[in-house]
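Coordinate inspection notes
Given next are the chains, with one letter for each unit.
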Amino acid sequence: MLLAPAQAAETDATPIVVTDALGRTVTLPAPAKRVILTQARHLPVLALVHPEPASIVAGWSDEFRTSFSNEYDTYKARFPEIANIPVVGRHTAESFSVEQALAQRPDLVVLTSNFAGIKTGEDPENSQLIQRFSAANVPVIVIDFFVDPLKNTVPSIRALGTAVGQAERTEEFITLYESHMKNVADRLADVDANDRPPVFVHAHAGSTDCCNSPGTGTFNDMISYAGGHNIGSDVLKTATGKLNFEYINARNPSVYVATGTGAGKRADKGLTIGTGVEEAQARESLQRIIDGNRLQSLPAMKDGKAYGIWHAFNDSPLHVVFIEALAAWIHPERFEGVSALDTLNEINERFLTIPMQGTYMVELQPSTTPAQP
C-alpha cells in the first residue's frame, strides 16, 4: 500500500534500531539517505535491498570503478549520478579520510570489521574509525560477507536493509537465501568426510603465476559447505596462497574451478567472465588458462569437470550462487534439478534493479579438452 506524503514523512521519522554483524545495537533517527560505503564493491549488495541504491550513496571508495569496471559501467548507464559520488578513499583503511567522509554529511557509515581494524574477539568500540564517527554522532554499522560469511551474511544484510528503510524487501531476500542454503545442506547432510572429492579452486586464474588457491577461511568454508575438500587447505595456513604444479598434480583434484572478475588489472590475462561476457568467450578463456598452466592432464579435465566462475560472488550474499553451483559440480547426482543459474535469474528478477547480465559460470565441455597422448 502506498503511503500518502504526510504518512511517509511520519514513517521516515520513526527511529530505527538495528543489530549489526558484530552484535552492536545501532539506532538511527530515520532511514539512512546519505550512506558512506567504505568499500564501494558493496553497491551491488545495497542494490539487493534498495531499489535505487545510487540515490542514497553520499561517498565511497574508488574500487567499484577500478576493480569492477564492467559492473561500474552498467550501473553508470542506469544511474549516471554515480560518476559524481565523492571518493573518500581507496579500498584500504589507510587511504580512507574520515574528514572527507564527514564532509558529505552522512547519516550512516557502512564498515567491515577488516576495514575498521577489528580483530576476532576484540571489542569493536576500540576501533578508531568507529570512535571518530561516534564522536561526530554518525551511526556506524559493521557488515561482513568475507571473514565469516556463513555466520554473518544474514545479520549483515538485515542490518543494512533495515538501516536504509527496506526491512520488508530485505526479509524477502533473506528467505530466499536461507532456503537455498538449507537445500544445499540438506542434500549433503549424509556425505561422509571420505566422500568429499578433492577440489582445486584456482583463484584469479591466469592473472598470476600458477597457482593461487584458497587456504583457510572464506573459500575453504564454501567448498566444505558444498561437499568438497579444498586441496589448498592441507598446506596453506593463510586465506590464500600458492600451490605449485607438482602438488596440484599429485593431489589429482577431481573438480577444477577457475575464478576471475573479467575486469580490473587482472582482466587481460585472467578468466574472461562476468558482466557483458558471452559464454563462448568464457569457455575459450577457461581452456586458455588450463593449457597455459599445464593442467590438461588432471582428472578433472579428462572427466569434463572443469569450470569457471565469477570471483566476485565472494564478499557478497550472492555466494549462495557460488555454493549452489559448486555443490552441483561436485555432487551432480545429489543436485539433479538444481540450477545455480536459475537462482541467479530469480535474484535478478526479484531484487536487482540492475540485473546481472553476462556469463557468471561456465563449464569446459569435454569435447573441447584436447586428447591426451
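My aim in this report is to walk through the structure given alongside it, one point at a time.

Side note on the state of the cysteines
Inspection of every chain in the model, using the stated rule, returns one disulfide. Between the sulfur of Cys210 and that of Cys211 lies a disulfide, 1.6 Å long from S to S. Between Cys210 and Cys211, the disulfide has an S-S torsion of -70° and is therefore left-handed.

Topic: the sheet that holds strand 7 (residues 140–143)
Strand order in the open sheet formed by five strands is 5-4-3-6-7, with parallel pairing between adjacent strands. In this open sheet, the two strands that pair with only one neighbour each are strand 5 (87–89) and strand 7. Shown here is a sheet whose adjacent strand axes are inclined to one another by a mean of 25°, direction ignored. As paired elements, strand 3 (residues 35–37) and strand 6 (residues 108–112) share three bridges and run parallel to each other. Residue Val35 lies in a different strand from strand 6, and its bridge partner there is Leu108.

So, unusual backbone geometry
In this model, Cys210 is joined to Cys211 through a cis peptide bond whose omega is -5°. Its identity is not glycine, yet Asn137 carries a phi of approximately 60°, on the positive side. Assignment of secondary structure puts Asn137 in the loop between helix 7 (128–135) and strand 7. What makes Asn137 exposed here is its relative accessible area of 70%. Positive phi, close to 50°, is recorded for Asn252, a residue that is not glycine. By the secondary structure assignment, Asn252 is in the loop between helix 11 (245–251) and strand 12 (255–260).

Procedures and definitions
Residues numbered from 1 in each chain as written. Predicted model: local features only at pLDDT ≥ 70, side-chain atom pairs only at ≥ 80, totals over all residues. Heavy atoms only, no water. Disulfide = S-S within 2.5 Å. Pairing = 2+ DSSP bridges. Helix = DSSP H or I, 4+ residues; strand = E, 2+ residues; numbered from the N terminus. Axes fitted to C-alpha atoms, helices over the stretch in contact; angles between N-to-C directions. Buried < 20%, exposed > 50% of the residue type's maximum accessible area, 1.4 Å probe, protein only.

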